[in-house]
Amino acid sequence: MKHNITLIPGDGIGPEIVAATVRVIEATGVDIEWETHILGAQAQEKYGTTLPESTTDSIKRNKVALKGPQMTPVGKGFTSVNVGLRKALDLYANVRPVKALPNVPCRYPELDLVIVRENTEDLYAGLEHVVIPGVVESIKIITEKASTRIAKYAFEYSRLNNRKKVTAVHKANIMKLSDGLFLECFYNVSKDYPEIEADDKIIDNCCMQLVMRPEQFDVLVLENLYGDIVSDLCAGLIGGLGLAPGANIGELGAVFEAVHGSAPDIAGQGIANPTALMLSAIQMLHHIGEKDAGNRFNDALLAVFADGKTITKDLGGTAKTNEFARAIVEKIEQGAGRAA
Ligand code: NAI
């Protein structure tokens, strides 16, 4: 079956890791017609807007996109197109699996947990204004609708993927109304899933527990900002940002992207680690029903890590992005690890 998929190369290291990932996807033999589109600063220059309709329309039509990271200026300039895209397509669930890979030096080689981050509201609503000079107000929006929807997603995901426990992470001791509502919705939804354990942790304690005893967690469900921060923390537990994949899921479509950003410090050098985007692409192949191709891609990736010879610089190796991709393609051609 032929699939139409929107491809957004992104900024910085984006085009390098996207090219490497597309190369491996094509080696699996899946029939994909890529529709390449742009966002952010590139789109501003070409179309006069950072979030062009041609890009959002393409994703709505195809229902699936593979996306490289987009740069957002700090403290000034345009607002985040990542946030804009998630809002425009109502991609409300950000799913970020955290699983160690073979041979990657990390604190918790056995770790296997999943972060489900609410993607559409919280402080990311971008409602900021100057009250009087020197005083700024930033408004945190939490709704019953979005909190219930993300809790349901986390429990449904757990049921489908045979996960045993969902933990809601919050600061409801201080933000009694907003985080209190998030927590209340979570426990209301949990009643429909009696086979899955439901508990909660205050965010600060949760961070310490994640660093000291992460094996106690299975699926975590968080508001937008906590989810953003805790995902980077968890990426650190399994070897770094180069290894953390993600998917943004909604009714209108799904956008697959790495947790990390455009890494301007290493852009253009051909040394970026494409693993996080590749793991996102494997999630994407499963999402579009190409399970066999996804499994072959995954097996080949794991085989390259197990060999330990072709490793990128961030993990202590010397392989370039394209050498890493070539090693995976070779494993696919050799039919590596067909067991899964
Ligand atoms: P970053 O994630 O781009 O980089 C943090 C550090 O990790 C850097 O030292 C970088 O070299 C390294 N790193 C990241 N990905 C890597 C990879 N694949 N291989 C090897 N090393 C890697 O975070 P930073 O510097 O805070 O953000 C840079 C830009 O990215 C900003 O404009 C930010 O807004 C944007 N960003 C975009 C995201 C997206 O499009 N989803 C997500 C996060 C940030």
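All figures in this text were calculated on a predicted structure; none of them were measured in a lab. (Residues numbered from 1 in each chain as written. Predicted model: local features only at pLDDT ≥ 70, side-chain atom pairs only at ≥ 80, totals over all residues. Heavy atoms only, no water.)

A. Representation of the domain arrangement of the protein within the structure. Here the protein is partitioned into domain 1 (1–99 + 241–340) and domain 2 (134–237). Listed as interface residues are 10 residues of domain 1 and, on the opposing side, 10 residues of domain 2. For the pair domain 1 and domain 2, the summed buried area comes to about 900 Å², and 64% of that belongs to carbon and sulfur atoms. Where domain 1 touches domain 2, the interface holds one salt bridge. For Asp90, the salt bridge is made with Arg149, and the minimal N-O distance between the two is 2.9 Å. Viewed at the interface, domain 2 and domain 1 are joined by two residue pairs in polar contact (both at pLDDT 80 or more). (Domains from an automatic or database assignment. Contact = heavy atoms within 4.5 Å. Buried area = accessible area lost by both parts, 1.4 Å probe. Salt bridge = Lys/Arg side-chain N within 4 Å of Asp/Glu carboxyl O. Polar contact = N/O pair within 3.5 Å; in protein donor to acceptor, adjacent residues only side chain to side chain.)

B. Main features of the site of the ligand. By nearness alone, 21 residues border the ligand, and Gln70, Gly261, Ala263, Asp265 and Asn273 come closest of all. One nitrogen or oxygen atom from the side chain of Lys67 is found 3.4 Å from an oxygen atom belonging to the ligand. A distance of 3.2 Å separates a nitrogen atom of the ligand from a polar atom in the side chain of His260. Split into classes, the residues belonging to the shell around the ligand amount to nine nonpolar, seven polar and five charged. (Near = heavy atom within 4 Å. Nonpolar A, V, L, I, M, F, W, Y, C, P; charged D, E, K, R; others polar.)

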